[in-house]
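Coordinates in review
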Amino acid sequence: MKLSVIIPVYNVEKYLAECIDSLLNQTLRDMEILLVDDGSTDASGQIADDYAARRPDMIRCLHVTNGGQGRARNFALPLARGEFLGFVDSDDWVEPSMYEKLIAAAEKSGADIAACDFLERYADGSENEVPGAFQDHPLSFAGSCCNKVFRTSLLSGLRFPEGLWYEDFYYSAMALIRAEKTAYLREPLYIYRRGQPSTMHNTNARKNLDMLQILDMLEPELTARGRRGDFEFFVINHLLLDTISRLSRQRTPESEDAIKKCRAYVREKIPKLQACESYRAESRNRRIIMALNYSGQEKLGQWILKVKNAI
């Protein structure tokens, strides 16, 4: 079998059919769909069962007690039979040619991982294209696991952290660390439904600190491979830039405390920002925001971004 796609399902009765239909309509036919009902309390589990009953040739439905996305995905991983593995969030959907194109790109180039861009879709019908990678760096695709296909042979023993946010970032990062080659399609083939609660658009300041645990898990993996610079790349991009900037827009006592802890972590791992090669390799605009966040002037950084976007 060419492809296995794992979909964790939790309380998405409004969106699940659209998600599954987008997979059934793929131009790639040699595939299976593993639906993992994560203890849904709405009709999601029944919808998943109905699809599995109608299409037993392609769909298997598994039911587990609620434990979060990482645990649901881990439950399905040993059951996946495909040469390649993909993941889709149950309130999103994909373009009909997504998996055929990604696998073709991986096979043509010999890549272990192939990734594409995102298309954000809002409730009012408006759209926004988002690159799968913002920098020219071998680890820049880390983030979501949903805009990718992975060679299953690359993933032996790799599991999602359970009970933590950013579990998909960890999984993607670890896969990229193992990969010898990646391929990138600059096409928005994965459609991300905006307006729903998500890890990257949240108001739970304390859970953002889960990124510190994720980075602590990645540090020994990279250090053992002599790739300290790549660990610093993750720190400045996913903590110093993304997490602190996101928290600074919340402006609550909890977010202020979380920002201080994030900044302390960055300063511990990177005592001199200007000496960090990954920092010096960033674009000028990104360096400015990173430097402001590092020095405790994140509100000024957000004001600059607001002015820039308004021009």
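One can find the structure itself at the top, above this paragraph.
Residues numbered from 1 in each chain as written. Predicted model: local features only at pLDDT ≥ 70, side-chain atom pairs only at ≥ 80, totals over all residues. Heavy atoms only, no water.

What follows deals with the overall build of the protein. When helices and strands are tallied, the protein shows 11 helices and 9 strands. For the protein, the C-alpha radius of gyration of 20 Å lies close to 19 Å, the compact-globule estimate for 311 residues. Reported as C-alpha extents along the three principal axes, the dimensions of the protein are approximately 55 × 40 × 40 Å. Taking all 311 residues of the protein together, 55% fall into the buried category. By sequence separation, contacts in the protein at least 24 residues apart represent 78% of the contacts at least 6 residues apart. Per element, the accessible surface of the protein, about 14100 Å² overall, is 50% carbon and sulfur. Averaging the locations of the 41 positively and 44 negatively charged side chains of the protein gives two centres separated by 6 Å. (Helix = DSSP H or I, 4+ residues; strand = E, 2+ residues; numbered from the N terminus. Rg over C-alpha atoms; globule rule 2.2 N^0.38 Å. Buried < 20%, exposed > 50% of the residue type's maximum accessible area, 1.4 Å probe, protein only. Contact = heavy atoms within 4.5 Å. Areas by Shrake-Rupley, 256 points an atom, 1.4 Å probe, with all protein chains shown as cover. Lys, Arg positive; Asp, Glu negative; His and termini not counted. Charge placed at Lys NZ, Arg CZ, Asp CG, Glu CD.)

In total, this model carries 22 salt bridges according to the counting rule given. Notably, a salt bridge pairs Arg73 with Asp89, separated by 2.9 Å at the nearest N-O pair. Residue Arg73 is found in helix α3 (residues 69-76), and its partner Asp89 is found in the loop between β4 (84-87) and β5 (93-94); the two are separated by 16 residues along the sequence. For the pair Arg73 and Asp89, one class covers both residues: buried. The salt bridge involving Glu221 is made with Arg225; its shortest N-O contact spans 3.0 Å. (Salt bridge = Lys/Arg side-chain N within 4 Å of Asp/Glu carboxyl O.)

All right, on to α3 then. Buried residues of α3: Gly70, Ala72, Arg73, Asn74 and Ala76, and no others. For α3, the elements touching its buried residues are β1 (3-9), β2 (31-38), β3 (59-64), β4 and α5 (167-178).

Turning to the environment of His238, a few remarks are in order. Note on placement: His238 falls in helix α7 (residues 228-248). Placed 143 residues apart in sequence, His238 and Glu95 show a C-alpha to C-alpha distance of 28 Å.

Moving on, we come to the pairing of strand β6 (residues 113-121). Consecutive side chains of a regular strand alternate in pointing toward one face of the sheet and then the other. Of all 9 residues making up β6, 8 are buried, and the element is well covered by its neighbours. Bridge analysis of β6 against strand β8 (residues 148-151) gives 3 bridges, and the strand direction is antiparallel. Paired with Ala115 across the strands is Lys148, a residue of β8. Of the pairings in the sheet, the one linking β6 to strand β9 (residues 182-193) comprises 9 bridges and is parallel in character. The partner of Ala115 across the bridge, within β9, is Tyr184. (Pairing = 2+ DSSP bridges.)

Aromatic ring pairs: the centre-centre distance and the angle between the two ring planes describe each pair. The full count for this structure, using the stated rule, is 10 aromatic pairs. For the ring pair Phe118 and Tyr190, a centre distance of 5.8 Å and an interplane angle of 85 degrees mean the geometry is edge-to-face. Residue Phe118 is found in strand β6, and its partner Tyr190 is found in strand β9; the two are separated by 72 residues along the sequence. Classification of Phe118 by relative accessible area gives buried; the value is 14%. (Phe/Tyr/Trp six-rings, centres within 6.5 Å; stacked < 30°, edge-to-face > 60°.)

Relative to the assigned elements, Arg263 resides in helix α8 (residues 253-269). Among the polar contacts listed, one links the side chain of Arg263 to the side chain of Glu298, at a separation of 2.7 Å. (Polar contact = N/O pair within 3.5 Å; in protein donor to acceptor, adjacent residues only side chain to side chain.)

Running from amino to carboxyl end, helix α6 (residues 210-224) crosses α8 at an angle of 20 degrees, the nearest separation of the two axes being 11 Å. Put simply, α6 runs roughly parallel to α8. In this structure, α6 crosses over α8, and the sense of that crossing is left-handed. Of the residues in α8, those in contact with Leu212, Leu215, Asp216 and Glu219 of α6 are Lys261, Cys262, Tyr265 and Lys269. Classifying every residue of the contact of α6 with α8 by side-chain character gives 4 nonpolar, no polar and 4 charged. (Axes fitted to C-alpha atoms, helices over the stretch in contact; angles between N-to-C directions. Parallel < 35°, antiparallel > 145°, perpendicular 65-115°, else oblique. Left-handed = near helix turned anticlockwise from the far one by under 90°. Nonpolar A, V, L, I, M, F, W, Y, C, P; charged D, E, K, R; others polar.)

The next point concerns a nonpolar patch on the surface. Taken together, Ile288, Leu300, Trp303 and Ile304 make up a surface patch of nonpolar side chains, about 350 Å² in accessible area. It is helix α11 (residues 298-310) that contributes the most residues to the nonpolar patch, 3 residues altogether. For Trp303, the location among the structural elements is in helix α11. Overall, Trp303 belongs to the exposed group, its relative accessible area being 54%. (Patch = residues over 30% accessible without salt bridge, like charges linked within 9 Å, V, L, I, M, F, W, Y side chains within 5 Å.)

Turning to the state of the cysteines, a few remarks are in order. Each disulfide consists of a covalent bond between the sulfur atoms of two cysteine residues. Per the counting criterion, the structure on display carries 0 disulfides. No disulfide involves Cys145; its nearest neighbouring cysteine sulfur is the one of Cys146, lying 4.3 Å away. Cys145 gets classed as buried once you look at its relative accessible area, which sits at 0%. Among the residues examined, Cys146 registers a relative accessible area of 1% and is labelled buried. (Disulfide = S-S within 2.5 Å.)

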